[in-house]
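What follows is each chain in one-letter form.
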Amino acid sequence: MGPRWKWKGAEAKALAEPISVSISELQLSLAKTESSGTLSSCNVLLVVEPEQAELLDRCCFGRLILSVEKVKKWIQLSFEEAFFLFYSLKCIKISLQGRCLENEVDTWMYMKSKRPNFPMFYKAYSHLRSKNWVLRSGLQYGVDFVAYRHHPSLVHSDYSVFVQSGDSDRLRVWSDIHCPVRLSGSVAKTLLTLYVNGNFKGEDLNLPLCLENFTVEEQTISRWSPQLSREDETTNSKPNVTTVSNFKTL
């Protein structure tokens, strides 16, 4: 199924403003002004210029916090979004209680202490982000993320994303799979499971370099339709399974 554009002309606008180009502009702008974010218990508050806030919105990083201040804008970033800007793009600084954390290990350890499964989720997040997929929280759909080909104002999301590791208790029983598959189908999305393979119990997890030892396996899950598998309807009885990497991204 192809992209479901939200309005006439949305596809042309998306092609004219690729996500990869917008991220490059954002990276240069944030690095130039040495933008800084402050760690809180479950997110990062980033202070930026108004034009940078517009770039962050165009690239779908964080959410704007409404305030009376006009000179600066406050953006609330998830741990995955903040660490991607800090570690992968190297365009922001992060501080804790007024002290700048220039050491990547300190930032990693803080986020990991607040969310023990942060390494697994960040690996999955950065895996899709590096392919220029736009990710938003999937909480309202009962999954971890939803993935868009471009900005959500232009196109509907293609995938609801579920993150899993080999030693995780998720998706161990049939109901764990059945519920997100049914819900994803009802909102015209495909359930994409990202299996993050690696050792999640060793001391190596104390360093962000452990990410290089993880691999991500992509698998889509869809409902089996008996009607499409009858002899009088089709001769192909194989289920329809694809991977997101087969799709062309914008």
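For the structure, see preceding data.
Here the structure is a predicted model, which means the values were calculated and not measured. In this numbering scheme, every chain counts its residues from 1 along its sequence in written order. Two thresholds apply to this predicted model, a pLDDT of at least 70 for residue-level local features and 80 or more for giving and counting side-chain atom pairs, whereas whole-chain, interface and lining totals are computed over all residues. Only heavy atoms go into the side-chain values, all of them from the structure, while hydrogens and water stay out.

> Run through the overall build of the protein, naming residues and quoting values.
Looking only at helices and strands, the protein has seven helices and 11 strands in total. The buried share among the 250 residues of the protein stands at 42%. Contacts between residues were defined by any pair of non-hydrogen atoms, one from each residue, lying within 4.5 Å. Restricting the contact set of the protein to residue pairs at least 6 apart, pairs at least 24 apart contribute 62%. Here the accessible surface of atoms and residues is derived via Shrake-Rupley with a 1.4 Å probe, and residues count as covered only by protein chains that are part of the display. A total of about 13,700 Å² of accessible surface is found on the protein, and carbon and sulfur atoms cover 52% of it. Helical segments are the DSSP runs of H or I of at least four residues, strand segments are the runs of E of at least two, and each set is numbered from the N terminus. Relative accessible area decides the class of each residue, using a 1.4 Å probe on protein chains only: under 20% of the type maximum gives buried, over 50% gives exposed, and in between gives partly exposed.

> Explain the environment of Tyr 110 residue by residue, including any values.
When you line up the elements, Tyr 110 lands in helix α5 (residues 104-114). Using a relative accessible area of 16% as the deciding quantity, one classes Tyr 110 as buried. The spatial distance from the C-alpha of Tyr 110 to the C-alpha of Leu 96 is 9.3 Å, given a sequence separation of 14 residues. The residues contacting Tyr 110, other than those within four sequence positions of it, are Leu 39, Ser 40, Ser 41, Phe 79 and Leu 96.

> Explain the sheet that holds strand β5 (residues 93-96) residue by residue, including any values.
With respect to topology, six strands assemble into an open sheet ordered β3-β4-β2-β1-β5-β6, the strand pairing being mixed. Unpaired on one side and paired on the other, β3 (63-65) and β6 (99-100) mark the two borders of the sheet. Where helix α4 (residues 79-88) meets the sheet, its contacts fall on β1 (36-39), β2 (44-48), β4 (73-77) and β5, and the angle it forms with β4 comes to roughly 110°. Any two strands between which DSSP finds at least two bridges are classified as paired. Lines fitted to C-alpha atoms define the axes here, with helix axes fitted over just the stretch in contact, and angles between the N-to-C directions of these axes take values from 0 to 180 degrees.

> Residues and numbers for the pattern of salt bridges, please.
Pairing between side chains of opposite charge can happen when their charged atoms approach one another. Salt bridge, as applied in this entry: a Lys or Arg side-chain nitrogen positioned within 4 Å of an Asp or Glu carboxyl oxygen. A full pass over the atoms with the stated rule returns nine salt bridges. Salt-bridge contacts for Lys 93 lead to Glu 34; the nearest nitrogen and oxygen are separated by 3.8 Å. Of this pair, Lys 93 sits in strand β5 while Glu 34 is found in the loop between α2 (19-33) and β1, placing the two residues 59 residues apart along the sequence. In this structure, the salt-bridge partner of Glu 49 is Lys 72, at a minimum N-O distance of 2.5 Å.

> Residue-level account of the environment of Thr 220, with values.
Looking at where Thr 220 falls in the secondary structure, it is placed in strand β11 (residues 215-221). As for Thr 220 and Leu 192, which are separated by 28 residues in sequence, their C-alpha atoms are 4.4 Å apart.

> Can you break down the side chain of Arg 136 residue by residue, with the values?
Position of Arg 136 relative to the elements: it lies in strand β7 (residues 134-137). Note on Arg 136: relative accessible area 13%, which makes it buried. Polar contacts, as used here, are pairs of N or O atoms within 3.5 Å; protein pairs need one atom able to donate a hydrogen and one able to accept it. Residues neighboring in sequence count only if both atoms are side-chain atoms. From its side chain, Arg 136 meets the backbone oxygen of Gly 62 in a polar contact 3.2 Å long. Residues within four places of Arg 136 in sequence aside, it is in contact with Cys 60, Phe 61, Gly 62, Arg 63, Glu 81, Asp 144, Phe 145, Val 146 and Tyr 148.

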